[in-house]
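Fold and geometry: a report
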Amino acid sequence: MADHLEASVTLPSDPASVAAARAHVAGALAEWGLPPDAELYDTVRLIVSELATNAVQHTFGQSPTFTVDVVLVREERMHIGVTDSHPRLPKRLPAAVQQDNGRGLVIIRWLTAEYGGRLRVRPTRQGGKTVAVELPWPKTTVTAQPTEAVTAAVQPGP
């Protein structure tokens, strides 16, 4: 078993990229042995969807791309990070009952706490930010042993 497995994808800040980010992470989870019917599988996909949506919607066109990184460390902890180049850090908004958005970070915080994980936001050296979630990895999962990190980059279209 590898001590460190990693999957990364860089996508254009476009609403269609949210599904691509979710699919990329789902592929990594499957490769690492997490079955699609596992509760954590759906949870991770939801977290990635919310983080990617935030990266697209709240950067106001100032981040042409965002990057999703998923790392599995020693079959114990999984790190999920979404990085964009917009400097403003996310803040929790009061979510009114009639409001259609503004609950993403609340959902992420709740799911992270439910799984015994933690959520962090940190600025990048390039002036952007990474919103990162760390979750425990299920002990019963059989993990693949790729020889190197999987990385993909999708360049923004014209």
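For the structure given in this document, a descriptive report is provided here. (Residues numbered from 1 in each chain as written. Predicted model: local features only at pLDDT ≥ 70, side-chain atom pairs only at ≥ 80, totals over all residues. Heavy atoms only, no water.)

1. A short note on the pattern of salt bridges
Here is the rule we go by: Salt bridge, as used here: a side-chain nitrogen of Lys or Arg that lies within 4 Å of a carboxyl oxygen of Asp or Glu. Here's how the labels work: a residue is buried when its accessible area is under 20% of the maximum for its type, exposed when over 50%, partly exposed in between, all with a 1.4 Å probe on protein chains only.
Scanning the entire structure with this criterion turns up 5 salt bridges. Here Glu76 ties to Arg74 by a salt bridge, and the two come within 3.9 Å at their closest N and O atoms. The partly exposed category is assigned to Glu76, whose relative accessible area is 35%. What you see here is one network of salt bridges that share partners, running through Arg77, Arg118 and Glu134.

2. Remarks on the packing of aromatic side chains
The line we're drawing: For Phe, Tyr and Trp, rings pair up if their centres lie within 6.5 Å, where Trp contributes its six-membered ring, and each pair is then called stacked (planes under 30 degrees apart), edge-to-face (over 60) or tilted (otherwise). Secondary structure follows DSSP: runs of H or I at least 4 residues long count as helices, runs of E at least 2 residues long count as strands, and numbering of each begins at the N terminus.
Counted under the stated rule, the structure contains 1 aromatic pair. Residues Trp32 and Trp137 carry aromatic rings whose centres are separated by 6.4 Å and whose planes lie at 70° to one another, so their mutual orientation is edge-to-face. With Trp32 in the loop between helix H1 (16–31) and helix H2 (39–57) and Trp137 in the loop between strand E5 (129–136) and strand E6 (150–153), this residue pair connects regions lying 105 residues apart in the sequence. For Trp32, a relative accessible area of 2% gives the class buried. Exposure remark for Trp137: the relative accessible area of 3% places this residue in the buried category.

3. Some remarks on the nonpolar core
Considering soluble globular proteins, one finds that nonpolar side chains tend to be buried as a cluster. The test is simple: The nonpolar core is taken to be a set of buried Ala, Val, Leu, Ile, Met, Phe, Trp, Tyr and Cys residues, with the residues joined through side-chain atoms within 4.5 Å. Should any heavy atoms of two residues lie within 4.5 Å, those residues are counted as being in contact.
Among the nonpolar cores identified, the biggest contains 37 residues, and Val44, Phe66, Val68, Met78 and Ile80 are the most heavily contacted of them. Only strand E1 (4–12), H1, H2, strand E2 (65–73), strand E3 (77–84), helix H3 (104–114) and E5 provide two or more residues apiece to this core. For this core, the element with the highest residue contribution is H2, accounting for 9 residues. With residues near it in sequence (within four places) discarded, Val68 still touches Ala7, Ser8, Val9, Ala21, Val25, Val48, Gly81 and Val82.

4. Side note on the pairing of E5
As a reminder, the rule being used: If DSSP finds at least two bridges between two strands, the strands pair.
Of all 8 residues that make up E5, 7 are buried, and the element is covered over most of its length. One ladder, built from 8 bridges, connects E3 with E5; its direction is antiparallel. Opposite Thr83, over in E5, you have Thr130 as the bridge partner. As paired elements, strand E4 (residues 118–123) and E5 share 6 bridges and run antiparallel to each other. Bridging from a neighbouring strand, Leu119 pairs with Val133 of E5. Where E4 hands over to E5, the hairpin turn is made up of 5 residues, of which Gly127 adopts a positive phi near 100°.

5. Describing the layout of surface pockets
Definition in use: Cavities and pockets were defined on a 1 Å grid built over protein atoms only: a cavity is a set of grid points that admits a 1.4 Å probe from which the probe cannot escape, a pocket is an open set flanked by protein on both sides within 12 Å along at least five of seven lines, and lining residues are those with an atom within 4 Å of any such point. Grid points are joined across faces, edges and corners, and a volume is the space filled by probe spheres set on the points. The nonpolar class holds Ala, Val, Leu, Ile, Met, Phe, Trp, Tyr, Cys and Pro. Asp, Glu, Lys and Arg form the charged class, and all remaining residues, Gly among them, are polar.
In this model, the second largest pocket occupies a volume close to 160 Å³. Around the second largest pocket, the lining is made up of 15 residues, and of these His79, Ile80, Gly81, Arg122 and Ala132 lie nearest the centre. At the level of elements, E2, E3, E4 and E5 are the ones that each hand at least two residues to the lining of the second largest pocket. When the residues that make up the lining of the second largest pocket are grouped by side-chain class, the tally is 6 nonpolar, 4 polar and 5 charged.

6. Topic: the pairing of E2
Counting buried positions along E2 yields 7 of 9 residues, so the element is predominantly enclosed. Of the pairings in the sheet, the one linking E1 to E2 comprises 9 bridges and is antiparallel in character. Residue pairing for E2: Thr10 is matched across the bridge by Thr67. Count of turn residues in the E2/E3 antiparallel hairpin: 3 residues, of which Arg74 carries a positive phi of about 50°.

7. A closer look at H1
For clarity, the cut-off: Here the expected span of a helix is defined as 1.5 Å times the quantity of residues minus one.
An ideal rise of 1.5 Å per residue puts 22 Å on 16 residues; H1 measures up with 23 Å between its terminal C-alpha atoms. Looking only at H1, the buried set comprises Ser17, Val18, Ala21, His24, Val25, Ala26, Ala28 and Leu29. Of the residues one or two after H1, Gly33 is the one with positive phi, at around 95°.

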